[in-house]
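# Breakdown of the fold
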Amino acid sequence: MRHYAILRLLLAGFFLYFAWPAIPSAATQIELVFWGAWLLFLVLVVGANFATLLQITKPPVMEQERLGHRQNA
């Protein structure tokens, strides 16, 4: 289900679009730490979704397709 990974990448890009103007205006040390952590988290999200798109990792369990048959009790 590649469309979930694409949607998550688009959402991450949308968040970056709105956050980018505020990042250079960080003045205090705590603001710089916050934006640094935020950008690190963004890189992790983008990297994980690209890994899913390139099929380097398995998608989350809820997104994996079921290939087995239903068992009758």
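## Comments concerning the overall build of the chain
In terms of helices and strands, the chain carries 2 helices and 0 strands. Every one of the 73 residues in the chain was classed for burial, and the buried ones make up 18%. Taking as baseline every contact in the chain between residues at least 6 positions apart, the subset at least 24 positions apart corresponds to 55%. Total accessible area computed for the chain in this model is approximately 6,500 Å², and 69% of it derives from carbon and sulfur atoms.

## Thoughts on the packing of aromatic side chains
Applying the stated criterion across every chain yields a total of 5 aromatic pairs. Measuring from ring centre to ring centre gives 6.1 Å for Phe 14 and Phe 15, while their planes differ by 50 degrees; the resulting arrangement is tilted. Overall, Phe 15 belongs to the partly exposed group, its relative accessible area being 42%. Ring geometry for Tyr 17 and Phe 18: centres 5.3 Å apart, planes at 80 degrees, overall edge-to-face. Among the residues examined, Tyr 17 registers a relative accessible area of 62% and is labelled exposed. Among the aromatic residues, ring-to-ring pairing joins Phe 14, Phe 15, Tyr 17 and Phe 18 into one connected group.

## Brief notes about the side chain of Asn 49
The residue Asn 49 is located in helix H2 (residues 29–53) in this model. With residues up to four places along the chain from it excluded, the contact list for Asn 49 reads Ala 5, Arg 8 and Leu 9.

## Focus on the UniProt feature "transmembrane region" (unreviewed entry) in the chain
In the numbering used here, UniProt assigns the "transmembrane region" (unreviewed entry) feature to residues 36–56. Span residues 36–56 is 86% helix and 0% strand, its end C-alpha atoms 27 Å apart.

## Points about a nonpolar patch on the surface
Where nonpolar side chains cluster on the molecular surface, the patch consists of Leu 11, Phe 14, Phe 15, Tyr 17 and Phe 18 and spans about 580 Å² of accessible area. Take Phe 14: it is sitting in helix H1 (residues 2–19).

## Quick look at H2
Compared with the 36 Å implied by 1.5 Å per residue over 25 residues, the 36 Å span of H2 between its first and last C-alpha is a close match. Of the positions making up H2, those classed as buried are Trp 35, Leu 42, Asn 49, Ala 51, Thr 52 and Leu 53. Against the buried residues of H2 lie H1. Remark: Gln 55 follows H2 within two positions and exhibits a positive phi of approximately 60 degrees.

Rules behind the numbers
- Residue numbers run consecutively from 1 along every chain, following the written order of its sequence.
- Given that this is a predicted model, residues contribute local features only at a pLDDT of at least 70 and side-chain atom pairs are listed and counted only at 80 or more, while totals for whole chains, interfaces and linings are drawn from all residues.
- Side-chain measures were taken over the full set of non-hydrogen atoms in the model, leaving aside hydrogen atoms and water.
- Here a strand is any run of E in DSSP of at least two residues, a helix any run of H or I of at least four, and the numbering for each starts at the N terminus.
- Each residue is assigned to one of three classes by its accessible area relative to the maximum for its type, calculated with a 1.4 Å probe on protein chains only: buried under 20%, partly exposed between the two thresholds, exposed over 50%.
- Residues are treated as being in contact if the distance between any of their heavy atoms lies within 4.5 Å.
- Areas reported as accessible are Shrake-Rupley estimates using a 1.4 Å probe. Residue values count occlusion only from the protein chains shown.
- Within 6.5 Å between ring centres, the rings of Phe, Tyr and Trp (the latter by its six-membered ring) count as paired, and their orientation is classed by plane angle as stacked under 30 degrees, edge-to-face over 60, tilted in between.
- UniProt positions are given in the numbering used here, feature names are shortened, and annotations may be inferred rather than shown by experiment.
- Only residues above 30% relative accessible area that lack a salt bridge enter a patch, with like-charged residues linked at up to 9 Å and the nonpolar side chains Val, Leu, Ile, Met, Phe, Trp and Tyr linked at up to 5 Å.
- The salt bridge definition used is simple: a Lys or Arg side-chain nitrogen within 4 Å of an Asp or Glu carboxyl oxygen.
- Multiply 1.5 Å by the residue count of a helix minus one, and that product is the helix's expected span.

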